Amino acid sequence: LSAQLPAGLTLLSVRTGVGSKGNAMSKFAAADFEIRSRILEGNEQNVREFFAKDEILSEKLGKVRGHKRTVEVDLKPLIFGWHQEGESLFVRGAGGAEVNFNPELLCNCLFAELGNEDASKSIIRKGLLFRKGEEFFPLQDCEEL
């Protein structure tokens with residue numbers, strides 16, 4: 001598999017499913033992201049205030065009655081947790097068949113709030129997770145796969 005991957009993408013592990021209760025993505029409930037940007041460092045208080053809001057509204061392209069339209073979406077209920085370390089922001093967002101957190105939309109809102117909508121950034125998906133009760137675990141550790 002590694003020989004077939006694009007340059008810069010590294011395969012860390014492979015696991016075959018042993019159960020018969022559906023595929024891995026049917027268990028997918030959240031993803032962890034690291035957002036890196038210099039605009040974050042020194043703005044810890046502003047970032048805390050941003051995440052303390054009742055709503056985090058963003059616009060995205062969606063479908064309304066079969067037609068593409070710009071729709072407003074509240075990102076707040078899609079964010080399960082976050083913390084900041086210097087210029088890195090770690091965010092856990094909802095995922096699955098029904099809804100997926102989009103870290104790019106979060107950056108658009110947050111960076112506009114911080115006064116620099118066009119701040120350079122990198123977004124790294126750190127892991128996919130499944131949910132058991134109120135806790136999240138790495139998807140590859142799901143015993144039902």
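Because the structure is predicted, anything quoted here is derived from the model rather than measured. (Residues numbered from 1 in each chain as written. Predicted model: local features only at pLDDT ≥ 70, side-chain atom pairs only at ≥ 80, totals over all residues. Heavy atoms only, no water.)

**Notes on the pairing of strand S2 (residues 57–64)**
Alignment of S2 against strand S3 (residues 67–74), held across eight bridges, turns out to be antiparallel. Bridging across to S3, Lys60 finds its partner in Val71. Taken together, S2 and the strand that follows it, S3, pair antiparallel across an intervening segment of two residues, in which Arg65 is found at a positive phi of about 55°. (Pairing = 2+ DSSP bridges. Helix = DSSP H or I, 4+ residues; strand = E, 2+ residues; numbered from the N terminus.)

**What about a negative patch on the surface?**
A cluster of acidic residues, Asp54, Glu55, Glu59 and Glu72, forms a negative patch on the protein surface. If you trace the backbone, Asp54 turns up in the loop between helix H1 (44–52) and S2. The class of Asp54 is exposed, set by a relative accessible area of 73%. (Patch = residues over 30% accessible without salt bridge, like charges linked within 9 Å, V, L, I, M, F, W, Y side chains within 5 Å. Areas by Shrake-Rupley, 256 points an atom, 1.4 Å probe, with all protein chains shown as cover. Salt bridge = Lys/Arg side-chain N within 4 Å of Asp/Glu carboxyl O. Lys, Arg positive; Asp, Glu negative; His and termini not counted. Charge placed at Lys NZ, Arg CZ, Asp CG, Glu CD. Buried < 20%, exposed > 50% of the residue type's maximum accessible area, 1.4 Å probe, protein only.)

**Thoughts on the nonpolar core**
Phe51, Leu106 and Phe111 are the most contacted members of the largest nonpolar core, which has 26 residues in total. Secondary structure elements with two or more residues in this core: strand S1 (28–36), H1, strand S5 (88–94) and helix H2 (103–113). Looking at this core element by element, the count peaks at six residues for H2. Ignoring anything within four residues of it in the chain, the contact list for Phe111 reads Ile35, Ser37, Ile39, Leu40, Asn116, Glu117, Ala119 and Lys121. (Core = buried A, V, L, I, M, F, W, Y, C linked by side-chain atoms within 4.5 Å. Contact = heavy atoms within 4.5 Å.)

The values reported here are purely geometric and, on their own, carry no functional implication.
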